[in-house]
Amino acid sequence: MRFPQVLNIVKEHFAEKKWSFLLFGCLVGLLGYGIILIMNQMNFAQLSQTLSGFPKALIAWWGGIANATQPYGFFTSEVFSFTWLYMGIYLVYMASSTGLPQEVEDQTLDLVLSKPIRRTTYLAGKILFLFAFLAGTLAIVMLIIAVGMGTSPAFQSYGLYWNRLGGVYLITLLHLGTLITAAVFFGTIFLSVKRTLAAALALMFFMYFLGTFWQYFPASAQGIKYVTTWFYYNPMEVFGQGIFNNLIRNTLVLSGFNAAFIVASLLIFRKRDIPV
Amino acid sequence: MAQSAILTKKLTKYYGKNRGIEGVDLDVQDGEVFGFLGPNGAGKTTTIRTLLGLIKISSGSASIFGLDVVKNYLRIRERVAYLPGELGIYKEKSARRILKYLFAFYAKPIRWAKVEEIAEVLKLDLDRKSGVLSKGNKQKIGVILALAPDADLLILDEPTSGLDPLMSLEFFKLLVEKRGASGCTVLLSSHQLEEVEKVADRVGIIRNGRIAEIAAVTDLKRLALKHVELAFSDDGQAERVVDLVPHDLVESISVENHNHVHVMVTRANLSTLLSHLQGVPFEDIDIASPDLEDIFLKYYDVHDEPTRSGRDKSGRKPEMEANST
């Protein structure tokens, strides 16, 4: 694999997506900042009383009263628990549109693959760009949230735990990464933007459903939780409660999911005929 | 004996059950311009794309400069410049950006002065977004992609598609200059005989996925037919023309609706035919180059069995068609 070729692909995609990179990062970051501003006006003790009247199942699903009535828990339930929704759909769309399917539909893939570049190098360049885009966008989001936390009386009075922000950055990056790599994987199979998007989004919602509602399945079927990435994505634990016990396991498993999708994509793409 | 630039043996590609190409044997010599001729869908692009490793070979083998196209594709592509038949362009990028991006994949840097020079000849603004360019201008980007690198082999799939006649001329001028300067080999795919014969040394004809014939361009002049259509205002005149024209002068002659005559004649016999038509009171005359498919239908029977020199298997010229339709 020639690294300058990989860098050429990453650089080119960044030049193309630089505005959406900044805009998207700032938009999601400002959403988090807005939630912090709202939290600054909230009375958490009063919220605790109000929530105690809600159905227990609903509160449990929300992370429990204790989690929902302190700034880290509340913020997690409003922002980090839904980053897959705020960011995931766009990322899946981008992985489909900047990935192979779009190049097949625009008939630009022949132009690149007739040059002295390995298919694996080419796809690796695309995947590296998508991860760099994700890491950068998420860094902008976290930076704005960090500014919000640092200036927020609610967070200041509870204590500023930057390690929680670092931990949630890591698992969010890996979790959203699985959505991207799944889209790349489907892209190598279907080589069509619409089909890739449909398959990747369907898988995403299915995994969310399994990972969120597995407790309500019969005991014999609850083992299915291990196949969903949502089971390993637990921002409430890391950011909401500051519990890092499962962070290494979750990091390793999510990295494994990413690696499996990437390797499968590279293997499939090596064997594919490129349609005209 | 010159080395083979491209050598294929029984090259076959199937798309599932559908035939792409079957048993294609090609031997393009180093330094020659080889015209690859065939109607649309004949298998030209499939052959080219197997050579470049864009699609997998079903059976047979292919090599470029003695290197196996499957095992040594990277080394081959360092020496090859390719202009695809269906040229896709990054719509959001300028021509300059596209060219810089794609040329960066070569290990050997491409001289940018050369790019500017070709762009100037072709009158292409490198800084306009390619999405707003006309088909012809987009094709010019492809022409630069093919002609700017110092490649030993140019693979050009329908290179003048979308170019106006003047630009096509400029393209062939550039191609001849490049070949003169570098001695590179050229595989020029086209469905127009007249285009290929301008520059090619030899021509390979592909039809229905199989090579129908490989010959020197001079031998293929017989394929350079002209279609002459005469229109008459009075019924009956057409039949009189059929009687007037010596039948051994033309390849075929037929009457349509009693007032149109269609004649297929070789270029060599065209002027003699026109002299025979002097004084014939036709209302309109149209002389055109027939489609390659029409020429093939004329010279090769429908079962894909090639018959030589426009003669049938007994060696005679095909029978005259003088049917009123």
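Calculation rules
Residues numbered from 1 in each chain as written. Chains lettered and ligands numbered in written order. Predicted model: local features only at pLDDT ≥ 70, side-chain atom pairs only at ≥ 80, totals over all residues. Heavy atoms only, no water. Helix = DSSP H or I, 4+ residues; strand = E, 2+ residues; numbered from the N terminus. Rg over C-alpha atoms; globule rule 2.2 N^0.38 Å. Buried < 20%, exposed > 50% of the residue type's maximum accessible area, 1.4 Å probe, protein only. Contact = heavy atoms within 4.5 Å. Areas by Shrake-Rupley, 256 points an atom, 1.4 Å probe, with all protein chains shown as cover. Lys, Arg positive; Asp, Glu negative; His and termini not counted. Charge placed at Lys NZ, Arg CZ, Asp CG, Glu CD. Polar contact = N/O pair within 3.5 Å; in protein donor to acceptor, adjacent residues only side chain to side chain. Pairing = 2+ DSSP bridges. Axes fitted to C-alpha atoms, helices over the stretch in contact; angles between N-to-C directions. Parallel < 35°, antiparallel > 145°, perpendicular 65-115°, else oblique. Left-handed = near helix turned anticlockwise from the far one by under 90°. Nonpolar A, V, L, I, M, F, W, Y, C, P; charged D, E, K, R; others polar. Buried area = accessible area lost by both parts, 1.4 Å probe. Salt bridge = Lys/Arg side-chain N within 4 Å of Asp/Glu carboxyl O.

A. Summary view of the overall build of chain A. The helix and strand tally for chain A stands at 14 helices and 0 strands. Starting at the N terminus, the α and β elements of chain A follow one another as α-α-α-α-α-α-α-α-α-α-α-α-α-α. Against the 2.2 N^0.38 benchmark of 19 Å for 276 residues, chain A shows a C-alpha radius of gyration of 20 Å, consistent with a compact globule. Dimensions along the principal axes, computed over C-alpha positions, put chain A at roughly 65 × 45 × 30 Å. Taken across its 276 residues, chain A has 53% of its residues classed as buried. A separation threshold of at least 6 residues defines the contact pool for chain A, and within that pool the share at least 24 residues apart is 78%. Only carbon and sulfur atoms are counted for the fraction: they give 69% of the accessible area of chain A, which is about 11,800 Å². Each charge class in chain A was averaged separately, 17 positive and 9 negative side chains, and the resulting centres sit 7 Å apart.

B. The arrangement of unusual backbone geometry in detail. Notably, F65 of chain B is not glycine yet its phi reads approximately 50 degrees, a positive angle. Within the element layout of this structure, F65 of chain B appears in the loop between strand 4 (59-64) and strand 5 (67-68).

C. Inspection of the side chain of K93 of chain B at higher detail. Its location among the elements puts K93 of chain B in the loop between strand 6 (80-83) and helix 3 (95-103). Here E16 of chain A takes part through its side chain, which lies 2.5 Å from a polar atom of the side chain of K93 of chain B. K93 of chain B has contacts with E12 and E16 of chain A together with I98, R128, K129 and S130 of chain B, leaving out every residue within four places of it along the chain.

D. Inspection of the pairing of strand 3 (residues 33-37) of chain B at higher detail. Residues and elements named next belong to chain B. Among the 5 residues that make up strand 3, 5 are buried, leaving the element largely enclosed by the rest of the structure. With burial as the criterion, each face of strand 3 is covered, one bearing V33, G35 and L37 and the other bearing F34 and F36. Where strand 3 and strand 8 (residues 185-190) come together, 5 bridges link them in parallel fashion. Looking at strand 8, one finds that G35 is bridged to L188. As defined by bridge partners, strand 3 adjoins strand 9 (residues 202-207) across 4 bridges and the pair is classed as parallel. Bridge assignment links G35 to a residue of strand 9, and that residue is V203.

E. Inspection of the sheet that holds strand 10 (residues 210-216) of chain B at higher detail. All names here are of chain B. Overall, mixed pairing links the 6 strands, which are arranged 6-7-8-3-9-10 in an open sheet. Looking at the sheet topology across the chains shown, the edges are occupied by strand 6 and strand 10. Between one strand axis and the next, the sheet turns through 15 degrees on average, direction left out of account. Sheet topology note: the strand 7 (residues 153-157)/strand 8 ladder contains 5 bridges and is parallel. Directly across from D157, in strand 8, lies its bridge partner S189. With respect to the sheet, helix 1 (residues 44-51) is in contact with strand 3, strand 6, strand 7, strand 8 and strand 9, its orientation differing from that of strand 8 by roughly 145 degrees. Taken strand by strand, helix 6 (residues 165-182) contacts strand 3, strand 7 and strand 8, and its axis lies near 160 degrees from that of strand 7.

F. The packing of helix 3 of chain B against helix 5 (residues 135-147) of chain B, seen in detail. All names here are of chain B. The contact between helix 3 and helix 5 brings their axes to 11 Å, and the two run at 30 degrees. Regarding the angle of helix 3 to helix 5, the classification is roughly parallel. As helix 3 packs across helix 5, the resulting crossing turns out to be right-handed. Contacts between helix 3 and helix 5 involve A95, I98, L99, L102 and F103 on the former and, on the latter, I141, I144 and L145. Considering only residue class, the contact of helix 3 with helix 5 consists of 8 nonpolar, no polar and no charged.

G. Structural detail: the sheet that holds strand 2 (residues 18-29) of chain B. Residues and elements named next belong to chain B. A sheet is described by the order of its strands in space; here 4 strands give the open sequence 2-1-4-5, paired in antiparallel fashion. Each edge of the open sheet carries a strand with a single partner, namely strand 2 and strand 5. Both strand 4 and strand 5 contribute to a ladder of 2 bridges, which runs antiparallel. Paired with I64 across the two strands is L67, which belongs to strand 5.

H. Expanded view of the interface of chain A and chain B. Facing 29 residues of chain A, the contacting portion of chain B comprises 28 residues. Summed over both partners, the interface of chain A with chain B comes to about 2,800 Å²; 54% of that surface belongs to carbon and sulfur atoms. The largest contributions to the chain A side of the interface with chain B come from L111, K115 and P116 of chain A, which together make up 22% of the buried area. Taken together, chain A and chain B are joined by 7 salt bridges. In this assembly, chain A and chain B are joined by 19 residue pairs in polar contact (both at pLDDT 80 or more). Counting residues per element, the ones that place at least two in the side of chain A that touches chain B are helix 1 (3-40), helix 8 (109-113), helix 9 (119-150) and helix 14 (247-271) of chain A. For the side of chain A that touches chain B, the element with the most residues is helix 1 of chain A, which contributes 6 residues. Tallied by class, the residues present in the side of chain A that touches chain B amount to 11 nonpolar, 5 polar and 13 charged.

I. Geometry of the environment of A119 of chain B. All names here are of chain B. Within the element layout of this structure, A119 appears in helix 4 (residues 112-122). Taking the relative accessible area as the measure of exposure, A119 reaches 4% and is therefore buried. Distance in space between the C-alpha atoms of A119 and D25 is 36 Å, their sequence separation being 94 residues. For A119, the contacting residues outside a window of four places in its chain are L124, L126 and I144.

This is a description of form; function is not addressed.
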